[in-house]
Every structure is written in C-alpha cells, then in structure tokens.
Amino acid sequence: MPLWKAVRAMPRRTPPEASTADPKDWICLAIVGAPKGVRGAMHLTCFNENPAEIASFNPLHAGPNGRPLDVCVIATPKPGQVVVRIDGTADRDAAAAMNGTRLYVPRSRMPDTAEDEFYHHDLIGLRVDHADGRELGTVKALFDHGAGDVIEILDTARRDSFLMPFTRENVPVVDLDGGRIVIDPPAGVLDDA
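A brief look at the structure comes next. (Residues numbered from 1 in each chain as written. Predicted model: local features only at pLDDT ≥ 70, side-chain atom pairs only at ≥ 80, totals over all residues. Heavy atoms only, no water.)

### Focus on the overall build of the protein chain
Of regular secondary structure, the protein chain possesses 2 helices and 15 strands. Evaluated residue by residue, the protein chain yields a buried proportion of 45% over its 193 residues. For the protein chain, the share of sequence-separated contacts (at least 6 apart) that also reach a separation of at least 24 residues comes to 56%. (Helix = DSSP H or I, 4+ residues; strand = E, 2+ residues; numbered from the N terminus. Buried < 20%, exposed > 50% of the residue type's maximum accessible area, 1.4 Å probe, protein only. Contact = heavy atoms within 4.5 Å.)

Dropping the structure here:
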C-alpha cells in the first residue's frame, strides 16, 4: 500500500513571542524541558527526524523572529530527546527559566519535501472532506508509531476524533494550496459506536 510520508515538525501554533512574525513562515523544531544538572544543561524534546542533529539547524530562535540561540548537544538519553547546552545559559536557574520555550527555524532553512512528503506543520489544521463530498472536520495531529504515519482527524459533527493510517488509499488527496485533504476511510472507521 503506497504511503504518504509526514515529516516531523510541530503543529501550527502562535507562540506568545510571535509579535509581527507570521507563524506559518516558522517551524518549531524543539521544546525546552527541565534543567539537567547545575551548569545550565537542559532537556530538549526534538521534532526533527534525527534529534541528535538539532545543532545543525543553529541558530534556533526562541519564538518566530525571536532571539537567536545556538545549541550544543551533549547527550541523547532517549528517542526524541537530547540534552543540550544553550549559549548564555550558565546555571540551573537560567536553564529552568527557559523551560517550555519553543525553538523555531525559518521555513526557508528547512529542506524541501519530496512530492509525497509533507511537514506536520502544513497538515495540521487543514479541512478534512470525505470522498463523498461531506466536510468532516480538521486534521488534529499526526503520529508515527514505527509502522507508518497515523492521522488524527477531529470530527466536528461528533465532537470527537478518530485515527487512521496516513496512506494514499485512505487520504487520496492532499491539497495544501486549497487548505484541505480528502479522505476515503476504511469501512467501520466512521461508524457510530
């Protein structure tokens, strides 16, 4: 079954520091977590394909058009997470003050996607239409649990969400310019419980 490939990135959200920047022109690659130790190191949850390579995107920005920051990876404790040192963060208090900060890069610095690839950032929030013409809701999230991407769709009529594999068979149309996707879900996915 042919697969679409959703490239990991963060959902479209306007962070508090957004001021005049258009958030659509920026992609969140990481979120700062708890401090590690007393010398300014901190956990970083990464949304790029290889978290250990997050420093290759330097400088990262604390919000769209935010203060530029250089990160240096010092450990990779578990998948999706690294321990970093950020320039100018010399102690635990400075690291704790950054907890929750979203780190962005300008979209222009991201690699182009292949024809069958999409950034999560571009898909989240798109309108979802059924193949029969009904409008169903919006794309809420995408997940990769190892066997391929799964799309979560918020069904506005039921005020509930459902999951299905993000394949060309289930999602025959991805129209970024039109702001929508078209789904043809397998039997039973939309049946009421």
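### Topic: the environment of glycine 33
Relative to the elements of secondary structure, glycine 33 occurs in strand β2 (residues 26-36). In sequence terms glycine 33 and arginine 102 are 69 residues apart; their C-alpha atoms lie 9.6 Å from each other.

### A word on the nonpolar core
Counting 22 residues, the largest nonpolar core has Leu29, Leu44, Ile54, Leu60, Ile86 and Leu103 as the members making the most contacts within it. Sorting the residues of this core by element identifies β2, β3 (41-46), β4 (60-62), β7 (81-86) and β8 (102-106) as the ones contributing at least two each. Among the elements that make up this core, the one with the highest residue count is β2 (4 residues). When neighbours within four sequence positions are excluded, leucine 60 is seen to be in contact with Leu29, Ile54, Arg67, Pro68, Leu69, Val71, Leu103, Tyr104 and Val105. Core analysis: the next-biggest nonpolar cluster, separate from the first, contains 17 residues, Val128, Ile153, Ile181 and Ile183 among them. (Core = buried A, V, L, I, M, F, W, Y, C linked by side-chain atoms within 4.5 Å.)

### Notes on the pattern of salt bridges
Summed over the entire model, instances satisfying the criterion amount to 6 salt bridges. The shortest N-O distance in the salt bridge between aspartate 122 and arginine 107 comes to 2.5 Å. Pair noted here: aspartate 122 is in helix α2 (residues 120-123) and arginine 107 is in the loop between β8 and β9 (117-119), with a separation of 15 residues, a long-range link. Look at aspartate 122 and you get buried, because its relative accessible area is 13%. Arginine 107 gets classed as partly exposed once you look at its relative accessible area, which sits at 28%. (Salt bridge = Lys/Arg side-chain N within 4 Å of Asp/Glu carboxyl O.)

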